[in-house]
Amino acid sequence: MRLDKYLCETADLTRSLAKRAVRREEVRVDGEVVKDPSTHVDETSDVNWLGQSLVLTGPRYLMMNKPTGVECTSHSSHYPTLHDLIDLPNAERLHPAGRLDVETTGLVFLTDDGQWSHRVTSPRHASAKVYRATLAEPVEGRAAEKAMQSFADGLLLKGDSKPTRPAELHMLTPRDARLTIHEGKYHQVRRMFAAIGNRVETLHRESIGPVQLDPGLAPGECRMLRPDEIQCF
Ligand code: URA
């Protein structure tokens, strides 16, 4: 990779500041001052800027147990964001691969690999997402059977032109549901329950595809994904 690109990725410089740093002879590669921003460097190069060693990291993949009251956008004026919870260098380069509402808790992936997050979220890949919802109104007996059937058939949500994809609803108790969906429309779970005359009080994502939220993660904590978890997508 070009030296100026390497500086952008490791020192968080813009391309023009990276070029300026090189031209000002602030950058050494393998101990030698380099003046050409297009000089080729790679992960074996010892790149040093103003005495600071710059290490190239590969793409990063994390899971977080998102707490309630946190936004998945990068700039929020009202709530803290996921980035406020991540204590890693260049955390702002990570983006969520699929968002949760402010109030929703549970599994969120964060990465700087755009192709990977596209595979996680793309409707074509239809990764199953499993949610636990507590409901305002109890659903039991015939009403529970009807709700399961409606979710399996697909519901036309307000403002949408196509019905939801078949989803699997299990009532664990009359007010505690587990729902598996295979897409990620805006506020989908809340809108699906609203469509059958109910209201979601709390919502928690347990898994995305085969990857479960690590039970060892307290709300707000994250960990790197294991290679086998990354390769699921
Ligand atoms: N569905 C919702 O309604 N909210 C979420 O955060 C995720 C899915």
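Within any chain, residue numbers begin from 1 and follow the written order of that chain's sequence. Whole-chain, interface and lining totals are the exception, using all residues; otherwise, since this is a predicted model, local features are given only for residues with pLDDT of at least 70 and side-chain atom pairs are given and counted only at 80 or more. In computing side-chain values, all of the structure's heavy atoms are included and hydrogens and water are not.

## Quick look at the overall build of the protein chain
We count it as follows: Counting from the N terminus, the helices are DSSP H or I runs at least four residues long and the strands are E runs at least two residues long. Radius of gyration means the value over C-alpha atoms here, while the globule rule gives 2.2 Å times the residue count to the 0.38 power. Only protein chains enter the calculation, and the probe is 1.4 Å; a residue is then buried if its accessible area is under 20% of its type maximum, exposed if over 50%, and partly exposed in between.
Along the backbone of the protein chain there are six helices and 13 strands. Rg of the C-alpha trace for the protein chain: 23 Å, well past the compact-globule value of 17 Å for 233 residues, more than 25% over. In terms of overall dimensions, the protein chain has a C-alpha envelope of 75 × 35 × 30 Å along the principal axes. In the protein chain, which comprises 233 residues, the share counted as buried stands at 42%.

## Focus: the sheet that holds strand 4 (residues 52-54)
This is how it is decided: At least two bridges found by DSSP between two strands are what make those strands a pair. Contacts are residue-level and defined by heavy atoms, with any inter-residue pair within 4.5 Å sufficient. All axes are obtained by fitting lines to C-alpha atoms, using only the stretch in contact for helices, and the reported angles, taken between N-to-C directions, cover 0 to 180 degrees.
Spatial ordering of the open sheet is given by 2-1-3-4, a layout of four strands whose pairing is antiparallel. Sheet topology places strand 2 (32-33) and strand 4 at the edges, where each strand pairs with a single neighbour. Against the sheet, helix 1 (residues 3-11) touches strand 1 (27-29), strand 3 (47-49) and strand 4, its axis set at about 70° to strand 3.

## Details of the site of the ligand
Using the following cut-off: Note on definitions. A residue lies near a molecule or strand when any single heavy atom of the residue is within 4 Å of it. Two N or O atoms count as a polar contact when they lie within 3.5 Å, although within protein this holds only if one can serve as hydrogen donor and the other as acceptor, and sequence-adjacent residues are included solely when both atoms are side-chain atoms. Here, Shrake-Rupley sampling with a 1.4 Å probe gives the accessible areas, and only protein chains in the shown set may cover a residue.
Around the ligand, the surrounding shell consists of Leu100, Asp101, Thr104, Tyr131, His187, Gln188, Val189, Arg190 and Leu203. In the environment of the ligand, an oxygen atom lies 3.0 Å from a nitrogen or oxygen atom belonging to the side chain of Thr104. Interatomic distance of 3.2 Å between a backbone N/O atom of His187 and an oxygen atom of the ligand. Taking 240 Å² as the accessible area of the ligand by itself, protein coverage stands at 95%. At three residues, the largest contribution of residues to the shell around the ligand is made by helix 5 (residues 188-195).

## Details of the domain arrangement of the protein chain
To keep things clear, this is the line we draw: Boundary definitions for the domains trace back to an automatic or database domain assignment. Buried area counts how much accessible surface, traced with a 1.4 Å probe, disappears from two parts once they are put together, with both parts' losses summed. For salt bridges, the criterion is a side-chain nitrogen of Lys or Arg within 4 Å of an Asp or Glu carboxyl oxygen.
The domains assigned to the protein chain are domain 1 (3-54), domain 2 (61-124 + 211-230) and domain 3 (129-208). The gap between the C-alpha centroids of domain 2 and domain 3 is 23 Å. Of the roughly 1100 Å² buried at the junction of domain 2 and domain 3 (both faces included), carbon and sulfur atoms supply 42%. If you look at where domain 2 meets domain 3, you find two salt bridges. Across the domain 2-domain 3 interface, the total number found is 10 residue pairs in polar contact (both at pLDDT 80 or more). At the level of elements, strand 7 (105-111) and strand 12 (211-212) are the ones that each hand at least two residues to the side of domain 2 that touches domain 3.

## Side note on the packing of aromatic side chains
Any two aromatic rings considered together are summarised by their centre-to-centre distance and by the angle between their planes. Rule in force here: Pairing of aromatic rings covers Phe, Tyr and Trp, the last counted by its six-membered ring, and requires centre-to-centre distances within 6.5 Å; plane angles under 30 degrees mean stacked, over 60 mean edge-to-face, and any other angle means tilted.
If you walk through the whole model with that rule in mind, you get five aromatic pairs. With a centroid separation of 5.1 Å and an interplanar angle of 70°, the aromatic rings of Tyr61 and Trp116 are classed as edge-to-face. Note that Tyr61 is positioned in strand 5 (residues 61-66) and Trp116 in helix 3 (residues 114-121), a separation of 55 residues in sequence. Like Trp116, Tyr61 is buried. Grouping aromatic residues by their ring pairs yields a cluster made of Tyr61, Phe109, Trp116 and Phe233.

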